[in-house]
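A look at the structure
Letter by letter, the chains look like this.
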Amino acid sequence: MSSKNFNMLAKTISKFFEIVFFVSSILMVISAVLSFARPHLLASFLLANIDNGTIATNGFQIMIEAPNGEPILGAVRIFTFAGIFTMLCMAMIFRNIYLIIKTCEGRTWFSKGKTPFQKDVVRMVREIGIFSIMIPMTGLVLSLIARISLGSDFCETSVQIVGIAMGIAMICFSRIFAYGIKLEEEVEGLI
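Small disclaimer: the values here were computed from a predicted structure and weren't measured.

**Focus: the overall build of the protein chain**
- Assigned secondary structure in the protein chain consists of five helices and two strands.
- Listing the helices and strands of the protein chain from first to last along the sequence gives α-α-β-β-α-α-α.
- In terms of overall dimensions, the protein chain is more spread out than a globule: its C-alpha atoms have a radius of gyration of 21 Å, far above the 16 Å expected for 191 residues.
- Along the first, second and third principal axes, the C-alpha set of the protein chain runs to 75 × 30 × 30 Å.
- Looking at the 191 residues of the protein chain, the share that counts as buried comes to 41%.
- Taking the intrachain contacts of the protein chain between residues at least 6 apart in sequence as the baseline, contacts between residues at least 24 apart amount to 67%.
- Of the roughly 11,000 Å² that the protein chain leaves accessible, carbon and sulfur atoms contribute 68%.
- Looking at charge distribution, the protein chain has the averaged site of its 16 positive side-chain charges lying 9 Å from that of its 13 negative ones.

**Points about the packing of aromatic side chains**
- According to the stated counting rule, one finds six aromatic pairs in the structure shown.
- Taken together, a centroid distance of 6.4 Å and an interplanar angle of 35° make the contact between F17 and F21 tilted. Of this pair, F17 and F21 both sit in helix α1 (residues 3-37), four residues apart, which is roughly one turn of the helix.
- Overall, the relative accessible area of 14% leaves F21 in the buried class.
- The lysine or arginine in question, K15, covers the ring of Y98, its NZ or CZ lying 4.4 Å from the ring centre.

**Description of the side chain of S25**
- Here S25 shows up in helix α1.
- In this structure, S25 is in contact with I84, M87 and L88, ignoring residues within four places of it in sequence.

**Re α1**
- Compared with the 51 Å implied by 1.5 Å per residue over 35 residues, the 50 Å span of α1 between its first and last C-alpha is a close match.
- The set of residues buried in α1 consists of K11, S14, E18, F21, S24, S25, M28, S31, A32 and S35.
- Where α1 is buried, its residues contact α2 (39-48) and α3 (73-104).

**Focus: the pairing of strand β2 (residues 60-63)**
- Residues F60 and I62 line the buried face of β2, whereas the alternating positions Q61 and M63 sit on a face that is not buried.
- In terms of strand pairing, strand β1 (residues 54-57) meets β2 through four bridges, oriented antiparallel. Note on β2: the bridge partner recorded for I55 is I62.
- Hairpin geometry of β1 and β2 is characterised by an intervening segment of two residues between the two adjacent antiparallel strands and by a positive phi of about 45° at N58.

**Considerations on the environment of A91**
- Inspection of the secondary structure assignment puts A91 in helix α3.
- Each C-alpha atom, one on A91 and one on K102, is 17 Å from the other, the two residues being eleven residues apart in sequence.
- With sequence-adjacent residues up to four places away left out, A91 is seen in contact with E18, F21 and F22.

**As for the nonpolar core**
- One finds I55, I62 and I64 to be the most contacted residues of the largest nonpolar core, which totals 39 residues.
- The biggest single contributor to this core is α3, with 15 residues.
- In this structure I55 touches L46, I50, F60, Q61, I62, I64 and F79, once residues within four positions along its chain are discounted.

Conventions and cut-offs
- Residues numbered from 1 in each chain as written.
- Predicted model: local features only at pLDDT ≥ 70, side-chain atom pairs only at ≥ 80, totals over all residues.
- Heavy atoms only, no water.
- Helix = DSSP H or I, 4+ residues; strand = E, 2+ residues; numbered from the N terminus.
- Rg over C-alpha atoms; globule rule 2.2 N^0.38 Å.
- Buried < 20%, exposed > 50% of the residue type's maximum accessible area, 1.4 Å probe, protein only.
- Contact = heavy atoms within 4.5 Å.
- Areas by Shrake-Rupley, 256 points an atom, 1.4 Å probe, with all protein chains shown as cover.
- Lys, Arg positive; Asp, Glu negative; His and termini not counted.
- Charge placed at Lys NZ, Arg CZ, Asp CG, Glu CD.
- Phe/Tyr/Trp six-rings, centres within 6.5 Å; stacked < 30°, edge-to-face > 60°.
- Lys NZ or Arg CZ within 6 Å of the ring centre and 35° of its normal.
- Expected span 1.5 Å × (residues − 1).
- Pairing = 2+ DSSP bridges.
- Core = buried A, V, L, I, M, F, W, Y, C linked by side-chain atoms within 4.5 Å.

Written out as structure tokens, the structure reads:
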């Protein structure tokens, strides 16, 4: 596969997932509103469409069905907030991937040529790292909130180390790109 075809495929996939995650976050906002306006309607819908009373989004998992079969409205609300935040973070990750590829091709209004060594690329790579870390940390914080407010029987507290490791790696890559910019500027200064 040529570089041009690979870039086109990567841009298409990243734009597709950006749209999917933005639409998903809008649906989660609607769900959050419903969780206050019509909580039993939303909870009944969720319980009818899941198997074991547990629902998950981007690594955050919570039980929304009590042992007696009744919905746990607080858990449904916590789930919707987790969904909104993590879906927006994922949308921003894919948005930045798309923009990085276009910027490196010199096809954005802010690109400074056809090079990955640009300040905006450094910023977007760093943002990908930050968003990647925020997703599991959101799950951890909301798991703790759920444990405190609902009790320890209704949620599983876990942190996906992969998201944190990927985030740290992306932040390190942003520093490498920043160093590349500095070297490129020094070379241009010598010429």
